[in-house]
Amino acid sequence: MIDRYPIKRRQFLKTAGVGAASALLGPNSARANPSPREPHDDKPNVLLIMTDQHRADLMTCAGRDLVPTPHIDRIASRGVRFNNAYCPYPVCVASRMALLTGLYAHSTGAITNRDRLDWRYRTMAHHFAQNGYLTGLIGKMHFVDAHNHGFEYYLSINDWLMYLGPKVQHYANEIANHPLGPNFFKTVNDGGAGLPDVEGLWLHGSPWVGNVEKWNFDSMASRLEPEDHLDMFIAREGARFLNRYRGQPFFLVASFMKPHSPFYPPREWAEKYPVDKMTLPEVGDISKYPQHIQRRIRNIARQGEKRQRAHRAGYLGNLAFVDTCVGYLYDALEKEGLLDNTIVVYTSDHGEMDGDHGLYQKFCLFEPSVRVPLIVSFPKHLPENKVTDALTEYIGLYPTLSELAGLESPEKTTLLDIEAAPERMDARSFAAVLRNPVLEGPSAAFSEYNLRSQICEYMIRTRRYKYIFNHGSTHELYDHEADPGEFVNRIDDPALKKVCDELHERLLAWYNPLKNPYRPAT
């Protein structure tokens, strides 16, 4: 049973500033009974902090202050920040399962948000547990089923829903009122936002259908108090974990929901980004984009500017709030005296278009969707306050963290044999770049999307170019030196035919789209 935390709203707001989040560890929290065991120093701990749908350039430390992120910036000031880190697949389940296994989605078959990762795959959690670590997961991982996949300590979104009790009504209303997802009002079912926590739980449809309010998007303020939001629940429980288990090596994933939908931050954060003050990016000429991209842009435009402004306002407010929650947890790590012996990672599973090209959410291979924030901090062991431009795939965290912790790489990708499972991880360690951020790193990064559809998308990103092979539609080529915003598709430019051909061959060497077994037969 999860304790209720008697943190008053006024106290929360008073302590939500930079460097003060740890004061929220109130008298009835785990800090009231500190563990007698002192922090160990034989193995480094790992704290992997994830958010969901955080666009890589929306951080103050990345040079953009639309949403100040002072707490994430603190982690960056003590570590190495990656300017060019890419997710393997801009969808929650596919990206997260790839991160945990070090295998691309096309290798495991965990592709859509309804796919389950076969429990026989070895994950980071299995690997660290087998090397003497207590493995913990608090928050969202979008497993879709009830398997823990190697995490011995697990508090899921369902634990938070039980903590909420009757207040779940407010969350159901938020799920139903997605600004750019009108269908959610009809279903009140959003596994990506944890309602329900397990796919298929409601065999006859959501019990909330017909029991939710319909809103007009004049305000994106949540009716839940700040302390009742999932993200602060995760921060509190993460702080409790750090206090309780600080005397032994731990591998903890604290996985926040925001800035992902529902786009309803607590009122004080929502009021910083009022709907009627939001401006929308210029869409530009979309005629050279593939037809499936053009259709999506037009479908969003038909929903009207108010809904788009509401989406943007809620997203920005969510990001501001989750930064506060990250700071709460990071302060707790420092308060426990664990900072110098803990590898801290900050990242997200994919990005957010935020109106660029007239698109929102993810579900494409444009930079705002597929590029992610990535920061790794290990004071006294890795450089601090450094930035690298090396191309990086964030699924490399599995071998990288193993290397930094002094662990041998796993010999197999599975716990038990799985027919046709890869023998070795697709992911590669980027520890060398962490130790020397001026290194160039790999010459390319890869990603993919929509593998279970007629139009499957595959990306190779080099330092200058991005080539996207759209199986069933127009391909894409962007010159990032001349066009960093990816406004001009130069796939038919004769001057770049040689470049295009070379990138096509490199993509095929990575993965041949014509061999994709998940694409439906025509």
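Preceding this section is the structure that the text describes.
What counts as what
- Residues numbered from 1 in each chain as written.
- Predicted model: local features only at pLDDT ≥ 70, side-chain atom pairs only at ≥ 80, totals over all residues.
- Heavy atoms only, no water.
- Buried < 20%, exposed > 50% of the residue type's maximum accessible area, 1.4 Å probe, protein only.
- Helix = DSSP H or I, 4+ residues; strand = E, 2+ residues; numbered from the N terminus.
- Pairing = 2+ DSSP bridges.
- Contact = heavy atoms within 4.5 Å.
- Salt bridge = Lys/Arg side-chain N within 4 Å of Asp/Glu carboxyl O.
- Disulfide = S-S within 2.5 Å.
- Polar contact = N/O pair within 3.5 Å; in protein donor to acceptor, adjacent residues only side chain to side chain.
- 1 Å grid on protein atoms, 1.4 Å probe; cavity = no way out; pocket = protein on both sides within 12 Å on 5 of 7 lines; lining within 4 Å.
- Points joined across faces, edges and corners; volume = space filled by probe spheres on them.
- Nonpolar A, V, L, I, M, F, W, Y, C, P; charged D, E, K, R; others polar.

**Student:** Is there a simple way to think about the pairing of strand 12 (residues 465-471) in this case?
**Tutor:** Along any regular strand the residues' side chains alternate between the sheet's two faces. Counting buried positions along strand 12 yields 7 of 7 residues, so the element is predominantly enclosed. Because side chains alternate across strand 12, one face comprises the buried residues Y465, Y467, F469 and H471, and the other comprises K466, I468 and N470, equally buried. As paired strands, strand 11 (residues 456-461) and strand 12 are joined by 6 bridges and run antiparallel to one another. Bridge pairing links M459 to I468 in strand 12. The hairpin formed by strand 11 and strand 12 contains 3 residues between the paired strands. The sheet contact formed by strand 12 and strand 13 (residues 476-479) spans 4 bridges and is antiparallel. Bridge pairing in strand 13 places Y467 opposite L477. Between strand 12 and strand 13, which pair antiparallel in sequence order, lie 4 residues; one of them, G472, sits at a positive phi of approximately 105 degrees.

**Student:** Looking at this structure, how should I read the environment of N470?
**Tutor:** Tracing the backbone through its elements, the reader meets N470 in strand 12. Looking at N470, the relative accessible area reads 0%, which means it is buried. Sequence separation between N470 and I455 is 15 residues; the distance between their C-alpha atoms is 6.1 Å. Each residue touching N470, except ones within four places of it in the same chain, is listed here: P290, H292, I455, C456, E457, H475 and E476.

**Student:** What is the right way to look at the pattern of salt bridges in this model?
**Tutor:** Note on pairing: side chains with opposite charge can pair once their charged atoms come close. Evaluated as defined, the whole model comprises 34 salt bridges. Close ionic contact of D57 with R64 constitutes a salt bridge, the shortest N to O distance being 3.2 Å. On the basis of relative accessible area, R64 is assigned to the partly exposed category, the value being 26%. Note that D218 is salt-bridged to K306, the shortest N-O span being 2.6 Å.

**Student:** Hey, could you run me through the state of the cysteines in this one?
**Tutor:** Linking two cysteines covalently through their sulfur atoms gives a disulfide. Evaluated as defined, the whole model comprises 0 disulfides. Free of any disulfide, C456 has its nearest cysteine sulfur in C364, 16 Å distant. Judged by its relative accessible area of 0%, C456 is buried.

**Student:** Looking at this model, I keep getting lost on the environment of Y86. Mind explaining?
**Tutor:** Within the secondary structure, Y86 sits in strand 2 (residues 79-86). In the structure, Y86 is positioned 359 residues away from A445 in sequence and 7.0 Å away in space, judged by C-alpha atoms. In this view, Y86 contacts E367, V370, R371, V372, L391, T392, E393, Y394, A445, M459 and R461; residues no more than four positions away in its chain are not counted. Reaching out from Y86, the side chain makes a polar contact with the side chain of R461 at a distance of 3.1 Å.

**Student:** Got a minute to help me understand the environment of G358 in this structure?
**Tutor:** Tracing the sequence through the fold places G358 in the loop between strand 6 (342-348) and helix 13 (367-370). Sequence separation between G358 and P437 is 79 residues, and the spatial gap between their C-alpha atoms is 35 Å. If we skip the residues at most four places from it in the chain, G358 touches V283, I297 and I300.

**Student:** Where do I start with empty space enclosed by the protein in this structure?
**Tutor:** Which parts of space are left empty comes out when a probe the size of a water molecule is rolled across the atoms. The final tally for this structure, using the stated rule, is 4 cavities of 30 Å³ or more. The volume enclosed by the largest cavity comes to roughly 60 Å³. Forming the boundary of the largest cavity are W160, Y171, E174, L224, H229, L230, D231, M257, K258 and P262. By residue class, the composition of the lining of the largest cavity is 6 nonpolar, 1 polar and 3 charged.

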